[in-house]
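Each chain is listed here by its residues.
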2 protein chains.
Amino acid sequence: MQKWTGTTTPEMLRAGCREYGLRITPQRTAVYEEVCRSGTHPTAEELHAGVRRRFANISLDTVNRTLLTFARIGLIEIIEGYGGPRRYDPNRTLHHHLHCLRCGTVVDFYHEEYDTLAVPANLQHKFKVLSKKVILKGTCGRCQSIKKKHHDRK
Amino acid sequence: MQKWTGTTTPEMLRAGCREYGLRITPQRTAVYEEVCRSGTHPTAEELHAGVRRRFANISLDTVNRTLLTFARIGLIEIIEGYGGPRRYDPNRTLHHHLHCLRCGTVVDFYHEEYDTLAVPANLQHKFKVLSKKVILKGTCGRCQSIKKKHHDRK
DNA sequence: GTGATTGCAAACCTTTTGCACGCCA
DNA sequence: TGGCGTGCAAAAGGTTTGCAATCAC
C-alpha cells in the first residue's frame, strides 16, 4: 500500500473531466491543485481562501460546486463527519480514519490488515460494496495532553 | 454480540441523567423513547415530528438540545454522514455501518470479525481509541434495482 | 457558435444562541 | 427555593439555486 504523497497530478483532473465530458476551466484546475496540496481535510471555505491567493476573483459558490463535481466523478471524496461543514479528501488510496472526538480532527492512517477485510457473506446479495474504511474514534495526542475535559463538537 | 432490539429502557435514561446531574424532564423522556423506538437513524426534525404526536408543544430546539445532551453523555450517538442534517443512533451495541452512496441511507449491520479488529501498534502511543467501526460504502438493494444512475446526495 | 460554467445574490435549511418564564430536584 | 431546562425568536453558518454574462470546446 503506497502512501499518498499529496502530489498534484494534472493528468488525473484531465482524465476525470474528459471521461465525464466536463470542461477544464482555470477555476477547476486551481481548486484541484489546492485540495491536493493541503495535507489535511479542508472545508470549502478553507480551500476558497487558499485558491484566492492566486485566483483573486473565484467565488465560494464555484469552489463548492467544483468540489461536489469532483466528488461525483470520484476525483476526491467527501469524508464522513458529524455535522460541521463538509470536509474533502483528495487521497484516493486505500486508507482509514482516526476521528478525534474532542477536537473533531480526522487523520488518515494506513494499516494493511484493514485493507483486506472480507465483506460479510450475508451482505453480498443485498449490498454492492464499492469501498471500505475503518474508523477509529478516540482522543488524539494533542487533545490528550490538554487535560481539561471539554465536549465541544467541530 | 447481541443485536439491538430497539427496546426502550427508561433505566438507561435515569442512570445517564443521574450520573451527569441532569434532570429527568417529560421532554427528555419523550425524546429518548422516540429515538429508541425508531429502527433507523432519524434526524432531529423527524424525531420532533414523532414526539409531537404525543407531546404537542415540544419545540424543535428542545429536541435538538436534548439530542446533543444525550450524545454528550453517551446515551445515543451521532452517526457519521456527508453533510445533510445530523442523524442519531440509539444503538449502543457494537455494530457497523453500510452507507448507500446513492440514497444516503445508513444501515446497521453486525459482524463479529469486525468487532475484534486489533488497533495498529504504532498508533497506540499517539491516539487513545475509544471505539471502532467499519464502514462499507456502496449501493443498497433498493438503489441497485433502480437502474437509472443518479448522483444525488442526501 | 453554443452550451457548460461562472459570479452574484437571494433563498434555503439546519443548528445555535439569548433571554424570560416555568418547573424539577 | 434555586437553578436547570424549555420555548420563542432571532442569528448564525453553510449549502443550494436562479439567472445573466462569460468562456472552453
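All values reported here derive from a predicted model rather than from experimental measurement. (Residues numbered from 1 in each chain as written. Chains lettered and ligands numbered in written order. Predicted model: local features only at pLDDT ≥ 70, side-chain atom pairs only at ≥ 80, totals over all residues. Heavy atoms only, no water.)

Let us look at the overall build of chain A. If you tally the helices and strands in chain A, you get six helices and five strands. Ordered by position in the sequence, the α and β elements of chain A form the string α-α-α-α-β-β-β-β-α-β-α. The principal-axis extents of the C-alpha atoms in chain A amount to approximately 45 × 40 × 30 Å. Counting only residues that meet the buried cut, chain A has 41% of its 154 residues in that class. Taking the intrachain contacts of chain A between residues at least 6 apart in sequence as the baseline, contacts between residues at least 24 apart amount to 52%. For chain A, the exposed area adds up to about 8,600 Å²; of that, 51% sits on carbon and sulfur atoms. Distance from the positive charge centre (26 side chains) to the negative charge centre (15 side chains) of chain A: 5 Å. (Helix = DSSP H or I, 4+ residues; strand = E, 2+ residues; numbered from the N terminus. Buried < 20%, exposed > 50% of the residue type's maximum accessible area, 1.4 Å probe, protein only. Contact = heavy atoms within 4.5 Å. Areas by Shrake-Rupley, 256 points an atom, 1.4 Å probe, with all protein chains shown as cover. Lys, Arg positive; Asp, Glu negative; His and termini not counted. Charge placed at Lys NZ, Arg CZ, Asp CG, Glu CD.)

Residue and element names in this part refer to chain A. In this structure the tally under the stated criterion is four aromatic pairs over all chains. Residues Phe-109 and Tyr-114 carry aromatic rings whose centres are separated by 5.9 Å and whose planes lie at 75° to one another, so their mutual orientation is edge-to-face. Taken as a pair, Phe-109 and Tyr-114 share a single burial class, namely buried. (Phe/Tyr/Trp six-rings, centres within 6.5 Å; stacked < 30°, edge-to-face > 60°.)

For the rest of this paragraph, the subject is the domain arrangement of chain A. Often, the extent of an interface is quoted as the loss of accessible area on bringing the components together. All names here are of chain A. Entries for chain A in the domain assignment read domain 1 (1-93) and domain 2 (94-154). One C-alpha centre belongs to domain 1, the other to domain 2; they are set 22 Å apart. Tallying the contact residues gives 14 residues for domain 1 and 14 residues for domain 2. Across the domain 1-domain 2 interface, the total number found is zero salt bridges. There are nine residue pairs in polar contact (both at pLDDT 80 or more) connecting domain 1 and domain 2. (Domains from an automatic or database assignment. Salt bridge = Lys/Arg side-chain N within 4 Å of Asp/Glu carboxyl O. Polar contact = N/O pair within 3.5 Å; in protein donor to acceptor, adjacent residues only side chain to side chain.)

Turning our eyes to something else, we now look at the relation of the copies chain A and chain B. You can overlay chain A on chain B at an RMSD of 0.0 Å; the transform is a turn of 180° with a shift of 0.0 Å along its axis. The transformation just described matches what one would write down for a two-fold rotation axis. Measuring from the rotation axis to each C-alpha of chain A, the shortest distance belongs to Val-134 of chain A, at 2.3 Å. (Least-squares fit on C-alpha atoms with pLDDT ≥ 70 in both.)

Residue and element names in this part refer to chain A. The predicted model of chain A has a mean per-residue pLDDT of 89, with 90% of residues at 70 or higher. Here helix H6 (residues 141-145) stands out as the least confident element of chain A, with mean pLDDT 87; helix H4 (residues 60-72) is the most confident, with 97. This model gives residues 148-154 a pLDDT under 50, and the stretch forms 11 contacts once residues within four places in sequence are excluded. (pLDDT = per-residue confidence, 0-100.)

This brings us to the side chain of Thr-69 of chain B. Locating Thr-69 of chain B in the fold gives a position in helix H4 (residues 60-72). In this structure Thr-69 of chain B comes out as buried when scored by relative accessible area, which is 10%.

One ladder, built from four bridges, connects strand S3 (residues 96-100) of chain A with strand S5 (residues 127-140) of chain A; its direction is parallel. Residue pairing in the sheet places His-99 of chain A in a bridge with Lys-137 of chain A of S5 of chain A. Of the strand pairs in this sheet, S5 of chain A and strand S5 (residues 127-140) of chain B are connected by 13 bridges, and their pairing is antiparallel. When the bridges of S5 of chain B are listed, Val-134 of chain A appears paired with Val-134 of chain B. (Pairing = 2+ DSSP bridges.)

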